[in-house]
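# Remarks on the overall topology
Each chain is listed here by its residues.
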Amino acid sequence: MKSTLRVRFAPSPTGYFHVGGARTALYNWLIARKAGGSFILRIEDTDDARNAEEWVDGIVSALTWLGISWDEGPYRQSERSDLYAQAIARLIDEGKAYWCDCTRDEIDKRASERGGPPGYDGYCRERNNPRASGSALRFKIPRPGQTVVHDKIRGDVVFDHENLDDFIIVKSNGSPLFVLANVVDDMDMKISYILRAEEHLPTTPKAILLFQALGAEELPVFAHVPVLVNAKRQKLSKRRDRVAVEDYRELGYLASAMVNYLVLLGWSPGDDREFMRIEEMIELFDIDQVNHSPAFFDEKKMLHFNGVYIRELPVDDFVNHCLPFLESNEWWSGSVKQLEVFSKIAPLVQERVSLLTEVSSMVDFLFQPEIEISAELVDSVLRKDPKSSRIIGDISNIYLNLSEFKAEQLHDATRSYCDLVEMPLRKVQAPIRVALTGSKVGPPLFESIELLGKKATLQRLALASELIGIHNP
RNA sequence: GGCCCCAUCGUCUAGAGGCCUAGGACACUACCCUCUCAAGGUAGAGACACGGGUUCGAAUCCCGUUGGGGCUGCCA
């Protein structure tokens with residue numbers, strides 16, 4: 001009888017949740033969804049010296065944000081010690097583990113004395129030590145022997161037991177170590193498919209030996225996906241690389257864009273397509289197509305993806321996504337009037353940003369009671385060219401007498417003025433834009449002016465004239 | 001040091017012995033479009049790490065070299 005596929009994502013809450021973890025979670029989730037199996041979230045918090053509750057929250061909220069939903073959990077290893085105790089007792093009873101009271105120093109000293117490679121030498125293996133306060137439990141690696149890891153991505157990887165130390169499975173304080181807790185949980189949860197980062201490959205033979213020692217009838221399928229690396233091609237690390245999922249969210253990345261970018265790091269559907277909906281990813285994802293080599297996490301490319309995803313959003317959705325970012329500005333009240341104005345400018349902003357955090361600075365001039373024009377801009381745009389002063393004066397008059405203050409009329413009137421003074425529109429719009437928005441770049445000018453309104457527009461033009469006058473008598 | 005993994009443009013990748021003069025995407029350059037900035041369009045530059053085999057034929061298979069990475073914890 002074929003059992004249904006069960007996968008797990010088992011992060012340890014020892015730091016912020018980084019993109020490598022997110023990618024591993026995503027791959028697990030995809031194979032679970034594709035097979036109609038279960039995705040289990042398990043928090044590996046056996047090392048209480050290092051984990052913290054806030055990190056658990058971070059994992060849970062990041063996965064939720066990304067849309068990676070779990071069918072069971074989150075389980076916590078810290079709540080499952082009875083299970084580990086049973087397994088430990090069994091291993092001791094059956095003579096498959098032994099207590100060792102060697103200190104690190106002693107181990108190192110013996111290693112250097114015999115001139116061999118560092119590592120544990122099996123000193124306590126046959127000594128039948130009783131459990132003492134400072135002793136740890138080691139697993140007795142069957143010798144001689146070898147263990148083959150049948151990896152879905154890498155094929156068969158052979159490990160000779162000669163190169164495997166009798167590793168510790170229980171700390172002297174009684175808590176189980178990661179490999180043991182992992183195997184016990186995987187057995188108890190009937191995990192049938194273990195997909196994790198490649199860094200775990202060297203510990204897999206140990207896990208397999210443990211599975212066998214604990215009487216597992218069937219081994220799960222293993223698949224070790226390549227790690228994600230930084231620009232120096234080192235494994236992404238929480239300490240040295242700032243790549244928290246949460247940070248990207250705060251920067252204004254869309255979860256959909258991030259997921260799409262992440263799925264492509266180590267996998268491609270086999271053709272030239274890059275943009276896929278979740279349903280397509282589920283359908284197309286295939287572990288056999290996963291790459292063997294590490295992938296560099298390239299923010300530039302993800303930024304591009306984000307721009308594409310932002311532009312594809314229906315305008316209403318775009319507005320909603322912007323709101324949390326707008327709310328962090330003191331000029332934003334969220335009033336009906338402000339929402340109306342923002343909704344009107346939104347489509348023009350949408351196609352100009354790659355990050356939601358870029359939105360505020362692009363629209364702030366519409367909401368701030370008065371704008372600030374940097375000295376540098378006053379200098380370079382308003383004062384440097386003597387024509388600027390005249391343009392602003394003339395345009396003020398033209399706008400003042402406009403019957404309708406709409407983008408089209410503003411555009412036409414400005415264009416006529418350009419013809420009159422024989423200047424290109426791109427020259428004429430510059431000082432106007434700076435006077436009205438305080439910036440050289442932004443959404444299309446005439447739509448902006450319409451939304452700004454006649455009163456504010458004329459005020460700001462007058463102010464700009466004054467500025468020029470003061471500095472340039 | 002030992003064990004293990006990996007190797008196509010700067011980056012992510014396509015490539016399952018002939019469809020390869022090696023395709024796509026990001027980034028880069030130029031031009032076009034254009035009220036700024038974006039977006040878009042067109043073009044360009046840019047890679048099979050090296051050496052041996054196997055084969056009529058190798059980016060693809062094998063071996064070696066080199067290079068990179070991971071593990072080697074009473075971390076996960």
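Conventions used here
Residues numbered from 1 in each chain as written. Chains lettered and ligands numbered in written order. Predicted model: local features only at pLDDT ≥ 70, side-chain atom pairs only at ≥ 80, totals over all residues. Heavy atoms only, no water. Domains from an automatic or database assignment. Near = heavy atom within 4 Å. Polar contact = N/O pair within 3.5 Å; in protein donor to acceptor, adjacent residues only side chain to side chain. Helix = DSSP H or I, 4+ residues; strand = E, 2+ residues; numbered from the N terminus. Nonpolar A, V, L, I, M, F, W, Y, C, P; charged D, E, K, R; others polar. Buried < 20%, exposed > 50% of the residue type's maximum accessible area, 1.4 Å probe, protein only. Pairing = 2+ DSSP bridges. Right-handed = clockwise from strand over helix to strand, strands pointing away. Axes fitted to C-alpha atoms, helices over the stretch in contact; angles between N-to-C directions. Core = buried A, V, L, I, M, F, W, Y, C linked by side-chain atoms within 4.5 Å. Contact = heavy atoms within 4.5 Å. Salt bridge = Lys/Arg side-chain N within 4 Å of Asp/Glu carboxyl O. pLDDT = per-residue confidence, 0-100. Expected span 1.5 Å × (residues − 1). Bend = angle between axes of the 7 residues up to and from the residue. Parallel < 35°, antiparallel > 145°, perpendicular 65-115°, else oblique.

Turning our eyes to something else, we now look at the domain arrangement of chain A. Its domain assignment divides chain A into domain 1 (6-74 + 228-299), domain 2 (81-225), domain 3 (313-366) and domain 4 (375-471). Taking only C-alpha atoms into account, the centre of domain 2 sits 55 Å from that of domain 3.

Thr46, Arg50, Glu198, Gly266 and Glu274 are the nearest of the 63 residues found near RNA strand B. For RNA strand B, the fraction of atoms within 4 Å of the protein that belong to sugar or phosphate moieties is 73%. In the environment of RNA strand B, a phosphate oxygen lies 2.9 Å from a nitrogen or oxygen atom belonging to the backbone of Phe296. Contacts to RNA strand B include Lys301, whose side-chain N or O atom sits 3.0 Å from a base nitrogen. Elements represented by at least two residues in the surface near RNA strand B include exactly β7 (155-160), β12 (295-296), α10 (299-312), α16 (407-421), α17 (425-437) and α18 (445-452). By residue class, the composition of the surface near RNA strand B is 22 nonpolar, 18 polar and 23 charged.

We now examine the pairing of strand β2 (residues 38-43). Counting buried positions over the six residues of β2 gives six, a clear majority of the element. Where strand β1 (residues 6-9) meets β2, four bridges bridge the pair, whose relative direction is parallel. In the sheet register, Arg8 faces β2, and the bridge partner there is Ile40. Following the backbone out of β1, through helix α1 (residues 19-35) and into the adjacent parallel β2, one traces a crossover that is right-handed. Pairing analysis gives three bridges linking β2 to strand β3 (residues 72-76), with the strands arranged parallel. Residue pairing in the sheet places Ile40 in a bridge with Glu72 of β3. Crossover β2 to β3 through helix α2 (residues 53-66) is right-handed.

Another point: the sheet that holds strand β4 (residues 97-100). Spatial strand order, β4-β5-β8: three strands in an open sheet with antiparallel pairing. For this open sheet the edge positions go to β4 and β8 (168-170), each flanked by a neighbour on one side alone. Strand-to-strand twist in this sheet, taken as the mean axis angle between neighbours without regard to direction, amounts to 45°. Across four bridges, β4 lies against strand β5 (residues 136-139) in antiparallel orientation. Across the sheet, residue Cys100 finds its bridge partner in β5, namely Ala136.

Going from Gly73 to Pro74, the amide bond is cis rather than trans, its omega being 0°. Positionally, Pro74 belongs in strand β3. Here Arg143 and Pro144 are connected by a cis peptide whose omega angle stands at -10°. Relative to the helices and strands, Pro144 is located in the loop between β5 and β6 (146-151). Even without glycine at this site, Asn128 takes up a positive phi of about 55°. One can find Asn128 in the loop between α4 (104-114) and β5.

This part takes up the nonpolar core. Among the nonpolar cores identified, the biggest contains 62 residues, and Phe318, Leu326, Phe342, Tyr399, Ile432 and Ile449 are the most heavily contacted of them. When neighbours within four sequence positions are excluded, Leu326 is seen to be in contact with Trp331, Trp332, Phe342, Val359, Ser360 and Val363. Phe39, Ile43, Ile59 and Val245 belong to the second largest nonpolar core, which has 56 residues in total.

Quick look at the pattern of salt bridges now. Summed over the entire model, instances satisfying the criterion amount to 33 salt bridges. Taking the shortest distance from any N to any O, the salt bridge between Arg277 and Glu280 comes out at 3.6 Å. On the accessibility criterion, Arg277 (52% relative accessible area) is exposed. It is possible to trace a salt-bridge network through shared partners that takes in Arg8, Arg42, Glu44, Arg80, Asp185, Asp186 and Asp188.

This part covers the confidence of the model for chain A. Scored by pLDDT, chain A comes out at a mean of 93, with 99% of its residues at no less than 70. Prediction confidence for the complex, expressed as pTM and ipTM, is 0.94 and 0.95 respectively.

Between the first and last C-alpha of helix α12 (residues 336-350) there are 20 Å, a value that for 15 residues agrees with the 21 Å anticipated at 1.5 Å per step. By the largest-angle criterion, Lys344 marks the main kink of α12, which is about 35°, and a proline, Pro347, follows within four residues. Among the residues making up α12, those that are buried are Gln338, Val341, Phe342, Ile345, Ala346, Leu348, Val349 and Gln350. On its buried side, α12 packs onto α10, α11 (315-326), α13 (359-367) and α18.

One way to put it is that α11 packs onto α12 with a least axis distance of 10 Å and a crossing angle of 110°. As judged from the angle between their axes, α11 and α12 are roughly perpendicular. For the pair formed by α11 and α12, the contact residues are Val315, Phe318, Val319, Cys322, Leu323 and Leu326 on the first element and Leu339, Phe342, Ser343, Ala346, Pro347, Val349 and Gln350 on the second.

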